[in-house]
Amino acid sequence: MKKKLIGILLVLVVIVALGFYFLVLTKPRVLNVEEFSSIPRKKIVRLKIEHADKAQLLRVLILQNGKEYVVYEGKPMPEVLLEIHPKKLGLKEGEAEVVIELSRFYFLKEKYSIRSHIDYTPPLVNVVFSPYAVMNGGSGAVRVSVSEESDLKLSVKDLIFPFYKIAGNTYFSLFGVPIDFSPSDSIKIIAKDKVGNESVVLVPVRIRQKHYPVYKIELKGREKVLIPKLSSLLGEEINKSNFIQAFKKVNEDLRRENEEKISEIGKKSEERIYWSGKFLQLKNSKVVSLYGEKRIYTYGGKQISTSYHWGYDLASVKNSPVEASNSGRVVFTGFLGIYGNTVIIDHGYGLMSIYSHLAEFRVKEGDIVKKGQIIGVTDTTGLAFGDHLHFGIMINGLPVNPIEWWDKKWIKNNILPAIQSSTSR
Ligand SMILES: [Zn+2]
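Fair warning: this is a prediction, and the values are worked out from it, not measured in the lab.

**Comments concerning the overall build of the protein chain**
When its secondary structure is counted, the protein chain shows 6 helices and 31 strands. In terms of overall dimensions, the protein chain is more spread out than a globule: its C-alpha atoms have a radius of gyration of 32 Å, far above the 22 Å expected for 425 residues. Seen through its principal axes, the protein chain has C-alpha atoms that stretch 110 × 60 × 40 Å. Nonlocal contacts in the protein chain, meaning residues at least 24 apart in sequence, comprise 66% of its contacts between residues at least 6 apart. Element-wise, carbon and sulfur atoms account for 54% of the exposed surface of the protein chain, whose accessible area totals about 21,700 Å². For the protein chain, the distance from the average site of its 61 positive side-chain charges to the average site of its 45 negative ones is 2 Å.

Structure (structure tokens):
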């Protein structure tokens with residue numbers, strides 16, 4: 001009698017254990033049902049199924065207005081790739097229900113259901129303003145209106161510039177054109193709506209191909225001036241024997257490091273406009289070097305290093321006072337390697353100006369400065385041969401040609417129509 005009871009108990013334990021194994025431990029489950037909460041024009045879902053081998057049939061259906069649209073019917077796998085084209089399936093935009101069924105032993109069924117929003121209309125982008133032409137190395141601005149709330153980006157060659165909201169569905173972007181931009185490259189607006197429908201619109205703009213000069217600079221004979229500079233910039237003893245190596249290190253490695261830092265600062269701009277009117281050029285100054293110059297450094301006629309010049313060099317009298325070229329907020333003051341003592345002013349919405357080789361600062365980080373306010377005095381700090389101001393403009397960290405920003409008419413024709421808050425122009 002006792003033995004029989006133990007036997008029955010054992011059988012029960014085995015049944016319960018098997019049941020637990022099949023119904024709980026190895027129950028097939030769909031892990032990412034929530035991916036169906038919205039369906040754009042083309043939706044790709046990698047449906048993940050746990051214990052897929054324990055189920056025999058997977059069905060994915062979309063229900064709308066009493067109709068059933070089959071998306072998938074077949075063997076379940078640990079990962080099932082689904083590509084859904086709601087328009088091709090005959091679905092309407094709006095609400096729907098996605099149902100996923102996993103069948104086991106032909107009578108057990110796991111069922112999942114989720115409400116889904118179907119939207120296959122990409123945002124409509126209307127270019128309200130774009131400049132007639134931009135130059136490589138130059139700047140520009142576009143203004144757009146969009147049919148629905150979207151994530152907007154401006155792509156210029158391989159660079160991305162943000163859009164800022166003006167009002168309602170109107171946005172603008174301030175952008176720089178890289179110096180190596182060619183007419184076969186394009187400027188595009190990429191708009192993505194909330195469910196992921198994307199439109200790409202080409203900005204209709206001409207490219208004025210500007211030629212930037214190339215200069216050769218012979219270093220032989222300049223060791224006397226350069227050796228103390230290189231020694232102090234690298235913090236090590238430099239002499240004639242390691243001079244070329246040291247120059248390369250400063251002109252390439254240190255320059256890259258300094259320019260990356262400047263570009264990083266340039267990407268953290270405030271979303272407001274501080275500036276107005278044209279930008280100021282250093283008073284009574286002579287241009288001694290242009291933006292976009294390529295410099296080829298030689299030693300005894302042999303090329304040893306190259307670099308690009310990302311600003312204007314402006315020379316006046318020794319220790320000339322330097323004015324803020326426009327109103328803004330000081331976002332950097334400090335020593336910056338080859339740039340020496342440097343001030344960076346944020347003018348808002350990605351636009352910044354930079355002042356280098358200064359002797360001292362008359363402002364500190366965080367200060368709000370007015371156009372024309374003295375921020376420092378010129379000197380030769382960093383890798384500068386004579387007393388001058390290195391002046392640069394950048395947009396979202398990209399150095400652009402300052403010449404356009406000194407030109408009131410250019411600003412009026414190319415920037416203001418895109419950024420001004422009034423919509424009636
Ligand atoms: Zn310079």
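Once the structure has been displayed, the description carries forward.
**Describing the sheet that holds strand E7 (residues 94-104)**
Backbone hydrogen bonds are what pair the strands of a sheet, in a parallel or an antiparallel way. The sheet built from 5 strands is open, its strands ordered E2-E8-E7-E4-E5 with mixed pairing. Looking at strand neighbours, the two that pair on one side only are strand E2 (38-39) and strand E5 (67-74), the edges of this open sheet. Across 7 bridges, strand E4 (residues 57-64) lies against E5 in antiparallel orientation. The partner of Ile62 across the bridge, within E5, is Tyr69.

**With respect to a nonpolar patch on the surface**
Among the surface-exposed residues, Val14, Leu18, Phe20, Tyr21, Phe22, Leu23, Val24, Leu25, Phe105 and Phe107 lie close enough to one another that they form a single nonpolar patch of about 970 Å² accessible area. Structurally, Phe107 can be placed in the loop between E7 and strand E8 (108-118).

**Topic: helix H4 (residues 243-266)**
With 24 residues, H4 should reach 34 Å at 1.5 Å per residue; the first-to-last C-alpha distance of 33 Å fits that figure. Along H4, the sharpest change in direction is near 35 degrees and occurs at Arg255. Burial in H4 covers these residues: Phe243, Ala246, Phe247, Val250, Asn251, Leu254, Arg255, Asn258, Ile262, Ser263, Ile265 and Gly266.

**Notes on the coordination of the zinc ion**
Here the zinc ion is held by the protein donor atoms His309 (NE2), Asp313 (OD) and His390 (ND1), which lie 2.0 to 2.1 Å from it. The sequence pattern describing where the donors of the zinc ion fall on their chain is H-x3-D-x76-H. Placement of His309 in the loop between strand E22 (302-308) and strand E23 (312-315) and of His390 in strand E30 (residues 389-395) is noted, with a sequence separation of 81 residues between them. Using a relative accessible area of 5% as the deciding quantity, one classes His309 as buried.

**Things to note about the domain arrangement of the protein chain**
Each domain of the protein chain was delimited in the assignment, giving domain 1 (2-118), domain 2 (130-198) and domain 3 (214-419). For domain 1 and domain 2, the distance between their C-alpha centres works out to 43 Å. Taken together, the contacts link 4 residues of domain 1 with 4 residues of domain 2. Summing both partners gives a buried area of about 320 Å² for domain 1 against domain 2, and 50% of it is carried by carbon and sulfur. Per-residue buried area on domain 1 facing domain 2 is highest for Ser38, Pro40 and Arg41; these three make up 85% of the total on that side. Applying the counting rule to domain 1 against domain 2 returns 0 salt bridges. Summed over the shared surface of domain 1 and domain 2, the number is 2 residue pairs in polar contact (both at pLDDT 80 or more). Class assignment of the residues belonging to the side of domain 1 that touches domain 2 gives a composition of 1 nonpolar, 2 polar and 1 charged.

**A short note on the packing of aromatic side chains**
Counted under the stated rule, the structure contains 15 aromatic pairs. Members of the aromatic cluster, joined through ring pairs, are Tyr212, Tyr291, Tyr308 and Trp310. Against the face of Phe385 rests Arg222, its NZ or CZ located 5.1 Å from the ring centre. Residue placement shows Arg272 over the ring face of Tyr274; its charged tip is 3.9 Å from the ring centre.

**Details of the environment of Asn126**
Mapping Asn126 onto the fold places it in strand E9 (residues 125-129). Looking at Asn126, the relative accessible area reads 44%, which means it is partly exposed. It is 8.6 Å that separates the C-alpha atoms of Asn126 and Arg143, two residues lying 17 residues apart in sequence. Sequence-distant contacts of Asn126, defined by excluding residues within four places in its chain, comprise Arg143, Val144 and Ser145.

**Some thoughts on the pairing of strand E17 (residues 198-202)**
Judged from the 5 bridges that link them, strand E16 (residues 187-193) and E17 form a sheet pairing that is antiparallel. Within E17, the residue paired with Lys188 across the bridge is Leu202. In this antiparallel pair of consecutive strands, E16 and E17, the connection spans 4 residues, and Gly196 shows a positive phi of 110 degrees.

**Side note on the pattern of salt bridges**
In total, this model carries 23 salt bridges according to the counting rule given. For the salt bridge of Arg59 with Glu101, the shortest nitrogen-to-oxygen distance reads 3.4 Å. Residue Arg59 is found in strand E4, and its partner Glu101 is found in strand E7; the two are separated by 42 residues along the sequence. In this structure Arg59 comes out as buried when scored by relative accessible area, which is 19%. Of the charged contacts in the structure, one is a salt bridge between Glu360 and Arg362, with a shortest N-O distance of 3.0 Å. For Glu360, a relative accessible area of 37% corresponds to the partly exposed category. Residue class for Arg362 comes out partly exposed when judged on its relative accessible area of 47%. Ionic contacts of the salt-bridge type, sharing partners, join the residues Arg59, Glu68, Glu73, Glu101 and Lys109 into one network.

Reading the values: the criteria
- Residues numbered from 1 in each chain as written.
- Predicted model: local features only at pLDDT ≥ 70, side-chain atom pairs only at ≥ 80, totals over all residues.
- Heavy atoms only, no water.
- Helix = DSSP H or I, 4+ residues; strand = E, 2+ residues; numbered from the N terminus.
- Rg over C-alpha atoms; globule rule 2.2 N^0.38 Å.
- Contact = heavy atoms within 4.5 Å.
- Areas by Shrake-Rupley, 256 points an atom, 1.4 Å probe, with all protein chains shown as cover.
- Lys, Arg positive; Asp, Glu negative; His and termini not counted.
- Charge placed at Lys NZ, Arg CZ, Asp CG, Glu CD.
- Pairing = 2+ DSSP bridges.
- Patch = residues over 30% accessible without salt bridge, like charges linked within 9 Å, V, L, I, M, F, W, Y side chains within 5 Å.
- Salt bridge = Lys/Arg side-chain N within 4 Å of Asp/Glu carboxyl O.
- Expected span 1.5 Å × (residues − 1).
- Bend = angle between axes of the 7 residues up to and from the residue.
- Buried < 20%, exposed > 50% of the residue type's maximum accessible area, 1.4 Å probe, protein only.
- Donors = N, O, S within 2.8 Å, 3.2 Å for Na, K, Ca; no water.
- Domains from an automatic or database assignment.
- Buried area = accessible area lost by both parts, 1.4 Å probe.
- Polar contact = N/O pair within 3.5 Å; in protein donor to acceptor, adjacent residues only side chain to side chain.
- Nonpolar A, V, L, I, M, F, W, Y, C, P; charged D, E, K, R; others polar.
- Phe/Tyr/Trp six-rings, centres within 6.5 Å; stacked < 30°, edge-to-face > 60°.
- Lys NZ or Arg CZ within 6 Å of the ring centre and 35° of its normal.

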